[in-house]
Amino acid sequence: MDSLGAAGPLEVFEGQRPRLFGLAYRLLGSAAEAEDMVQETYLRWSQAGPVDVPAAWLTKVITNLCLNQLGSARVQRESYLGPWLPEPVLTGDGALGPLETVEQRESVSLGVLILLERLSPVERAVFVLREAFGHSHAEIGDILGIEETYSRQLHHRARAHVGEPRKRFDSDREQHRRIVRGFMRATLNGDVAALERLLADDVVAWADGGGMTAARRPVHGRAKVLRYLLGGTGRPEAAGVTIHVTEINGDAGVLVLDGEGGPLAAMAMEIEDGRVTAVRTTVNPAKLTFAGSQLL
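For the structure given in this document, a descriptive report is provided here. It should be emphasised that the depicted structure is a prediction, and the values quoted were computed from it without experimental measurement. (Residues numbered from 1 in each chain as written. Predicted model: local features only at pLDDT ≥ 70, side-chain atom pairs only at ≥ 80, totals over all residues. Heavy atoms only, no water.)

### Looking at the packing of helix α1 (residues 9-28) against helix α6 (residues 121-131)
Okay, step 1: The geometry of α1 relative to α6 is characterised by a closest axis approach of 10 Å and an angle of 140° between their N-to-C directions. Classified by the angle between their axes, α1 and α6 sit oblique to one another. The crossing of α1 and α6 is right-handed. Every residue of α6 that contacts α1 at L23, R26, L27 and L28 is listed here: R124, A125, V128 and L129.
Okay, step 2: Considered class by class, the residues forming the contact of α1 with α6 number six nonpolar, no polar and two charged. (Axes fitted to C-alpha atoms, helices over the stretch in contact; angles between N-to-C directions. Helix = DSSP H or I, 4+ residues; strand = E, 2+ residues; numbered from the N terminus. Parallel < 35°, antiparallel > 145°, perpendicular 65-115°, else oblique. Left-handed = near helix turned anticlockwise from the far one by under 90°. Contact = heavy atoms within 4.5 Å. Nonpolar A, V, L, I, M, F, W, Y, C, P; charged D, E, K, R; others polar.)

### Focus: the layout of surface pockets
Okay, step 1: Computed from the structure, the second largest pocket encloses a volume of approximately 170 Å³.
Okay, step 2: In this structure, the second largest pocket is lined by G29, S30, A32, E33, A73, Q76, R77, Y80, W84, E87, N284 and K287.
Okay, step 3: The set of elements that each furnish at least two residues to the lining of the second largest pocket consists of α2 (31-47) and α3 (54-78).
Okay, step 4: Counting residues per element, the lining of the second largest pocket draws most heavily on α3, at three residues.
Okay, step 5: Here the lining of the second largest pocket is built from residues that sort into four nonpolar, four polar and four charged. (1 Å grid on protein atoms, 1.4 Å probe; cavity = no way out; pocket = protein on both sides within 12 Å on 5 of 7 lines; lining within 4 Å. Points joined across faces, edges and corners; volume = space filled by probe spheres on them.)

### Regarding unusual backbone geometry
Okay, step 1: A positive phi angle, near 50°, is found at N249, a position not held by glycine.
Okay, step 2: Classification of N249 as buried rests on a relative accessible area of 0%.
Okay, step 3: Not every positive phi belongs to a glycine, and D273 is a case in point at roughly 55°.
Okay, step 4: Turning to its location among the elements, D273 is positioned in the loop between β5 (263-272) and β6 (275-282). (Buried < 20%, exposed > 50% of the residue type's maximum accessible area, 1.4 Å probe, protein only.)

### As for the side chain of T41
Okay, step 1: The residue T41 is located in helix α2 in this model.
Okay, step 2: Taking relative accessible area as the criterion, T41 reaches 0% and is therefore assigned buried.
Okay, step 3: What T41 contacts, discounting residues up to four positions off in sequence, is F13, L58, V61, I62 and L65.

### Concerning the packing of α6 against helix α8 (residues 148-162)
Okay, step 1: At their nearest, the axes of α6 and α8 sit 8 Å apart, and the two run at 90° to each other. Judged by the angle between their axes, α6 and α8 are roughly perpendicular. Between α6 and α8, the residues in contact are V122, E123, V126, F127, R130 and E131 and S151, L154, H155, R157, A158, R159 and V162, respectively.
Okay, step 2: Of the residues in the contact of α6 with α8, the class split is six nonpolar, two polar and five charged.

### Structural notes on the sheet that holds strand β4 (residues 251-257)
Okay, step 1: The mixed open sheet is built from six strands, whose spatial order is β2-β1-β6-β5-β4-β3. Strands at the two margins of the open sheet, each flanked by one partner only, are β2 (219-220) and β3 (242-248).
Okay, step 2: Note that β3 and β4 share seven bridges and pair antiparallel. The residue bridging V245 from the neighbouring strand is V254, located in β4. (Pairing = 2+ DSSP bridges.)

### Thoughts on α2
Okay, step 1: Over its 17 residues, α2 runs 25 Å from end to end, which matches the ideal 24 Å to within 8%, given 1.5 Å per residue.
Okay, step 2: Of the positions making up α2, those classed as buried are A31, E33, A34, M37, V38, T41 and W45. Projected onto a plane normal to the axis of α2, the buried residues spread over an arc of 155° and lie on a single side. Facing away from the buried side of α2 by over 90 degrees, the exposed positions are D36 and Q47.
Okay, step 3: A distance of 3.5 Å separates the backbone nitrogen of A32 from a side-chain oxygen at the start of α2, and that oxygen is part of S30. (Expected span 1.5 Å × (residues − 1). Arc of directions from axis to C-beta. Polar contact = N/O pair within 3.5 Å; in protein donor to acceptor, adjacent residues only side chain to side chain.)

### Thoughts on the nonpolar core
Okay, step 1: If you look at the biggest cluster of nonpolar residues, it comprises 54 residues, and the most contacted ones within it are Y25, I62, L116 and L144.
Okay, step 2: At nine residues, α1 tops the list of elements feeding residues into this core.
Okay, step 3: Other than its neighbours up to four places away in sequence, L144 contacts T63, L67, V122, A125 and V126.
Okay, step 4: In this structure, A194, L195, L198 and M269 belong to the second largest nonpolar core, which totals 25 residues. (Core = buried A, V, L, I, M, F, W, Y, C linked by side-chain atoms within 4.5 Å.)

### Thoughts on the pattern of salt bridges
Okay, step 1: Counted by the stated rule, this structure contains ten salt bridges.
Okay, step 2: For the salt bridge of E148 with R152, the shortest nitrogen-to-oxygen distance reads 3.2 Å. With E148 and R152 both in helix α8 and four residues apart, this pair spans about one turn of that helix.
Okay, step 3: The exposure class assigned to R152 is partly exposed, which follows from its relative accessible area of 45%.
Okay, step 4: Of the charged contacts in the structure, one is a salt bridge between R222 and D201, with a shortest N-O distance of 2.4 Å. Of this pair, R222 sits in helix α11 (residues 222-233) while D201 sits in strand β1 (residues 199-208), and the two are 21 residues apart along the sequence.
Okay, step 5: On the basis of relative accessibility, which here comes to 56%, the residue D201 falls in the exposed class. (Salt bridge = Lys/Arg side-chain N within 4 Å of Asp/Glu carboxyl O.)

Purely geometric stuff here, so don't read any function into it on its own.
Here it is in structure tokens:
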């Protein structure tokens with residue numbers, strides 16, 4: 001019996017696929033690129049000989065593929081028109097792995113994924129492997145080919161940039177859903193008073209349209225965000241859409257669907273102390289493909 005035991009290579013890989021996708025997505029912030037990395041990892045796996053610890057081997061391969069990808073991805077994002085947001089992923093069905101702890105939910109939030117863009121590729125890898133997947137620094141050192149002590153230093157540096165998990169992840173998730181429903185109801189009905197109660201004073205709204213249809217700069221403050229939201233619902237294309245409240249990247253959020261059930265926009269919200277503090281909306285069609293596939 002070889003190192004795979006009773007399972008064949010394809011079966012072993014398929015058992016690891018969700019974890020590999022979740023790792024690649026956290027490293028890249030792109031579901032499409034993560035899928036490409038998973039496929040490339042499979043090609044290498046299919047050509048490899050017997051492997052003593054498949055999970056460790058696969059983790060090492062996909063992590064280093066992602067590190068190489070991050071260099072070119074950063075160049076592309078520097079020339080991106082308007083705010084860049086990670087591709088939204090529906091997480092209610094476990095698409096990015098278990099989100100049972102504060103650290104796990106934090107690691108897939110759009111806010112943290114944006115903060116991770118500030119890190120060097122190796123800092124990002126250490127942070128994700130440690131915070132989201134619980135690898136020891138000895139294991140991380142082996143995956144990345146660095147000393148254990150250096151892994152600890154990189155993790156400390158990355159944690160300083162990202163900060164501690166925010167209290168919103170400890171809040172009642174059903175309460176979040178109620179707030180999101182109330183937020184959307186007030187927005188669609190043009191209920192200014194209700195929106196004023198729901199929006200935090202320092203709320204910020206971002207919109208990623210790839211430079212096409214969305215605001216090119218973040219909108220700051222309750223009054224400006226309120227006008228921005230109500231202005232969007234007054235457009236002719238807003239008629240006939242369907243609002244689907246769901247979980248996006250570990251946070252309460254909304255999918256806006258067209259008449260055929262295809263995604264027009266994804267809104268991920270951050271809520272603290274019962275008020276919406278951040279709204280991140282993706283309307284770039286290329287970034288909604290994966291979320292749309294999850295609805296099928």
